[in-house]
Amino acid sequence: MTQTDRLLPVNEAIERLERQIRAERRDGALVDPLIVGIHTGGVWVADALHHALDCQEPLGRLNITFYRDDFNTLGLHPQVSPSDLAVDVDGRDIILVDDVLFTGRTVRAAMNELFDYGRPRRIALAVLYQRDGRELPICADWAGQELNLGPDEQIHVDGPDPMTARLVTSKES
Ligand code: 5GP
Ligand code: MG
């Protein structure tokens, strides 16, 4: 098996997410959800899910750079763009979307920012790829694929059109 074969292609991972989310919506556990993507890879995935699930309300975008607990060590990123939540999140069900879940710090920061806008009824997490390495008690409600990576392996995601992903080792990246 080659490195790339270990990774489910992006379109298949998105289809898996779509099926899982539709099933939960049918069961009534998810009511009229708002889809919110985490800048940047999460917004690409969120956009695809927004189309696939026929959501009527606008897609939300979160830029959590300023909320990360390691912000001081990240430095100011030149591409920081503002968050954009057009709809009131109070009492709503939210599907928070990212491309890769790793330590959990990005999702923790995204939830902090969401709570600055209001108090959602439920926040569920959808990620394309859930890798090992969590440092916080956070896990995805739905993952396109779960995988264990070696210490020098990373998922390289490109997009948005088309969105592709491949495994790279730190020597190649
Ligand atoms: P965490 O905050 O959970 O450590 O990392 C998640 C964030 O960092 C996500 O927004 C994701 O875009 C990025 N990230 C972490 N690990 C990877 C990886 O292996 N590949 C890619 N493309 N992004 C990653
Ligand atoms: Mg990211």
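Up top is the structure these notes are about.
In this text, all values refer to a predicted model and were calculated from it rather than measured experimentally. (Residues numbered from 1 in each chain as written. Chains lettered and ligands numbered in written order. Predicted model: local features only at pLDDT ≥ 70, side-chain atom pairs only at ≥ 80, totals over all residues. Heavy atoms only, no water.)

**As for unusual backbone geometry**
Gly-159 connects to Pro-160 through a cis peptide bond whose omega is 5°. For Pro-160, the location among the structural elements is in the loop between β6 (153–158) and β7 (164–169). Residue Pro-162 is bonded to the preceding Asp-161 through a cis peptide linkage, with omega at 5°. In this fold, Pro-162 is placed in the loop between β6 and β7. Residues other than glycine seldom take positive phi values, yet Asp-32 does so here, at roughly 45°. With respect to the element layout, Asp-32 can be found in the loop between α1 (10–26) and β1 (34–38). For Asp-32, a relative accessible area of 51% translates into the label exposed. Positive phi, normally seen in glycine, also occurs at Asp-54, with a value near 55°. If you trace the backbone, Asp-54 turns up in the loop between α2 (41–52) and β2 (60–62). (Helix = DSSP H or I, 4+ residues; strand = E, 2+ residues; numbered from the N terminus. Buried < 20%, exposed > 50% of the residue type's maximum accessible area, 1.4 Å probe, protein only.)

**Considerations on the layout of surface pockets**
Roughly 180 Å³ of internal volume is contained in the second largest pocket. Considering the residues around the second largest pocket, the lining is formed by Ile-14, Val-43, Trp-44, Asp-47, Ala-48, His-51, Leu-59, Arg-61, Pro-160, Asp-161, Pro-162 and Met-163. Looking at the lining of the second largest pocket element by element, the count peaks at five residues for α2. Looking at side-chain class alone, the lining of the second largest pocket contains eight nonpolar, one polar and three charged residues. (1 Å grid on protein atoms, 1.4 Å probe; cavity = no way out; pocket = protein on both sides within 12 Å on 5 of 7 lines; lining within 4 Å. Points joined across faces, edges and corners; volume = space filled by probe spheres on them. Nonpolar A, V, L, I, M, F, W, Y, C, P; charged D, E, K, R; others polar.)

**Brief notes about the pairing of strand β4 (residues 122–131)**
Most of β4 sits out of view: nine of its ten residues are buried. Direction of pairing for strand β3 (residues 93–101) relative to β4: parallel, over a ladder of eight bridges. Considered in β4, the bridge of Val-100 is made with Tyr-129. The handedness of the β3 to β4 crossover, carried by helix α4 (residues 105–117), is right-handed. Bridge analysis of β4 against strand β5 (residues 142–147) gives five bridges, and the strand direction is parallel. (Pairing = 2+ DSSP bridges. Right-handed = clockwise from strand over helix to strand, strands pointing away.)

**Notes on the nonpolar core**
Nonpolar side chains tend to gather and get buried jointly when the protein is soluble and globular. In this structure, Leu-49, Leu-128, Tyr-129 and Ile-155 are the most contacted members of the largest nonpolar core, which totals 30 residues. Broken down by secondary-structure element, the contributors of at least two residues to this core are α1, α2, β3, β4, β5, β6 and β7. Among all residues touching Leu-128, those that are not within four sequence positions of it are Val-10, Ala-13, Ile-14, Leu-17, Val-45, Asp-98, Asp-99, Ala-143, Gly-144, Gln-145 and Met-163. Counting 19 residues, the second largest nonpolar core, distinct from the first, contains Leu-34, Ile-38, Leu-96 and Ala-110. (Core = buried A, V, L, I, M, F, W, Y, C linked by side-chain atoms within 4.5 Å. Contact = heavy atoms within 4.5 Å.)

**Describing the sheet that holds β3**
In space, the five strands of this open sheet follow the order β2-β1-β3-β4-β5, with parallel pairing throughout. One side of each edge strand has no neighbouring strand; the edge strands of this open sheet are β2 and β5. Sheet twist, expressed as the average angle between the axes of neighbouring strands with direction ignored, equals 25°. Two strands pair when backbone bridges link them, and β1 and β2 are joined in this way by three bridges, in the parallel orientation. Considered in β2, the bridge of Ile-38 is made with Leu-62. Running over the sheet, α1 touches β3, β4 and β5 and is turned about 155° from β4. (Axes fitted to C-alpha atoms, helices over the stretch in contact; angles between N-to-C directions.)

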